[in-house]
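Tertiary structure, described
Here is what each chain is made of, one letter per residue.
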Amino acid sequence: MNMAKLLQVSDLRVEFLTGRGTVRAVGGVAFQLDRGEVFALVGESGCGKSTTALAVMRLVPPPGRILGGSIRLRGDDLLTLDEDSMTQVRGRHIAMIFQNPMVSLNPVYRAGAQVQEAIVLDQVPKNEAWRRAVDLLGRVYIADPAHRALSYPHELSGGMRQRVMTGMMVSRQPDLLIADEPTTALDVTIQAQVLDLLLELRDRTGMALLIITHDLGIVAEIADRVGVMYAGSLVEQGPVFDIFEEPLHPYTRLLMRALPRLTKGQGSLHTIPGQVPSLIQLPPGCPFHPRCPDRMEICSTKMPGLTVPAGGREVACYLHGVGERQ
Ligand code: SF4
């Protein structure tokens, strides 16, 4: 079995040139994904998770630009491909689903026709593509798929639209599916169905999943490994069980505390004091130091590098050594 990494992101840097200054949205992020693996990027809003995902698709909108680093898919650096080659990669090898399915669904086309259209891209005759589209809608748990295939997006519920979009995105059997907050707009029951569906598709096709979420409950349910982002950097990553069992970075610990505890009458939600810093003007040193309960003198002067305190884990915090800067 080929154990080569499916996706290797190294020293990825993205910035947005705005009238107010340069937003350093992603500053030297590195992670990798194996085939069939589920990797979750977590963190508060505005910490660079979605920009990282868009950068992997090479879809960072202007005035954003990828400043440097590499994004290798099966060894090929996507940042060196011309736009035609990158268009081939999107959809065929990497697909993305969004929180709002209407970003991907065209309101004036029937649901089945949209899935059919994606399948036709692989030179499948139209009749056969329609048959496969209806079959696929059934496999993403759309009841009565032959009938629903004729519905327009506005005639479907939010959960159904999300499943149609997922069906459309996996119709070409991508190697990697990126899901940006895929269930945030859905109620809890539908949310569970969509997560089950993603895992089932992973099991069936061997695709890898990159999930972007602020919800640690989803991470616990679906991910094999997790990366915690803060102010444009990955501050901790490792196997999901280890990080939930023993978070090392103070930010990860506080994120865990912010999880609602709904057992034994504890319904309170802790919040993390302070705010994510402006990505235009990051504080000197460790970007988390203004909010960190464990900060030391060095923390406000020099950015900590990544250390590898235990197998498969990385953390950027002076509590765990000095480390090397990415
Ligand atoms: Fe806190 Fe210092 Fe670690 Fe940053 S480096 S998380 S400020 S202890």
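Here's a quick rundown of the structure.

**Looking at the pairing of strand β1 (residues 7-18)**
The pairing of β1 with strand β4 (residues 64-73) spans eight bridges and is antiparallel. Looking at the pairing, Val-9 lines up with Ile-71 of β4. As defined by bridge partners, β1 adjoins strand β2 (residues 21-33) across 10 bridges and the pair is classed as antiparallel. Bridge assignment links Arg-13 to a residue of β2, and that residue is Gly-27.

**A short note on the environment of Asp-77**
Looking at the secondary structure, you find Asp-77 in strand β5 (residues 76-77). Beyond its immediate chain neighbours, meaning those up to four positions away, Asp-77 contacts Ser-70, Ile-71 and Arg-72. Of note is the side chain of Asp-77, whose polar atom sits 3.3 Å from the backbone nitrogen of Ile-71.

**Considerations on the sheet that holds β4**
Strand pairing within a sheet occurs via backbone hydrogen bonds; the two strands may be parallel or antiparallel. Here four strands make up an open sheet; going across it, the order is β2-β1-β4-β5 and the pairing antiparallel. Each end of this open sheet is capped by a strand with a single partner; those strands are β2 and β5. Of the strands in this sheet, β1, β2 and β4 are in contact with helix α1 (residues 49-56), which crosses β1 at around 115°.

**Comments concerning the sheet that holds strand β7 (residues 176-180)**
Strand order in the open sheet made by the seven strands is β6-β7-β8-β3-β9-β10-β11, with mixed pairing throughout. Each edge of the sheet is formed by a strand with only one pairing partner; in this case those strands are β6 (94-97) and β11 (314-315). Examined bridge by bridge, strand β9 (residues 225-230) and strand β10 (residues 233-239) share six bridges and lie antiparallel to one another. In the strand pairing of β10, Gly-227 is matched with Gln-237.

**Some details on the layout of surface pockets**
If you add up the space inside the largest pocket, you get close to 340 Å³. If you trace the largest pocket, you find 15 residues lining it, with Arg-90, Gly-91, Leu-121, Met-169 and Arg-172 closest to the centre. Of all the secondary structure elements, the ones that give two or more residues to the lining of the largest pocket are α2 (83-92), β6, α3 (111-120) and α6 (158-170). Grouping the amino acids of the lining of the largest pocket by side-chain chemistry returns 10 nonpolar, two polar and three charged.

**Quick notes on the packing of α3 against α6**
At a minimum axis distance of 8 Å, the contact between α3 and α6 shows a crossing angle of 15°. In terms of orientation, α3 and α6 fall into the roughly parallel class. Two packed elements cross with a definite hand, and for α3 against α6 that hand is right-handed. Contact with α3, carried on its side by Ala-111, Gln-114, Val-115 and Ala-118, involves Val-164, Gly-167 and Met-168 of α6 and no other residues of that element. Looking at the contact of α3 with α6 residue by residue, the classes come out as five nonpolar, two polar and no charged.

**Topic: the packing of aromatic side chains**
Counted under the stated rule, the structure contains four aromatic pairs. Considering the side-chain rings of Tyr-230 and Phe-288, the 5.0 Å spacing of their centres and the 80° angle between planes classify their relative orientation as edge-to-face. Of this pair, Tyr-230 sits in strand β9 while Phe-288 sits in the loop between α10 (250-257) and β11, and the two are 58 residues apart along the sequence. Each of the two residues, Tyr-230 as well as Phe-288, counts as buried. With centroids separated by 5.2 Å and ring planes inclined at 65°, the aromatic side chains of Tyr-251 and Phe-288 adopt a geometry described as edge-to-face. Of this pair, Tyr-251 sits in helix α10 while Phe-288 sits in the loop between α10 and β11, and the two are 37 residues apart along the sequence. Of the two residues, Tyr-251 and Phe-288, both sit in the buried class. An aromatic cluster of three or more residues is present, and its members are Tyr-230, Tyr-251 and Phe-288.

Thresholds applied
- Residues numbered from 1 in each chain as written.
- Predicted model: local features only at pLDDT ≥ 70, side-chain atom pairs only at ≥ 80, totals over all residues.
- Heavy atoms only, no water.
- Pairing = 2+ DSSP bridges.
- Helix = DSSP H or I, 4+ residues; strand = E, 2+ residues; numbered from the N terminus.
- Contact = heavy atoms within 4.5 Å.
- Polar contact = N/O pair within 3.5 Å; in protein donor to acceptor, adjacent residues only side chain to side chain.
- Axes fitted to C-alpha atoms, helices over the stretch in contact; angles between N-to-C directions.
- 1 Å grid on protein atoms, 1.4 Å probe; cavity = no way out; pocket = protein on both sides within 12 Å on 5 of 7 lines; lining within 4 Å.
- Points joined across faces, edges and corners; volume = space filled by probe spheres on them.
- Nonpolar A, V, L, I, M, F, W, Y, C, P; charged D, E, K, R; others polar.
- Parallel < 35°, antiparallel > 145°, perpendicular 65-115°, else oblique.
- Left-handed = near helix turned anticlockwise from the far one by under 90°.
- Phe/Tyr/Trp six-rings, centres within 6.5 Å; stacked < 30°, edge-to-face > 60°.
- Buried < 20%, exposed > 50% of the residue type's maximum accessible area, 1.4 Å probe, protein only.

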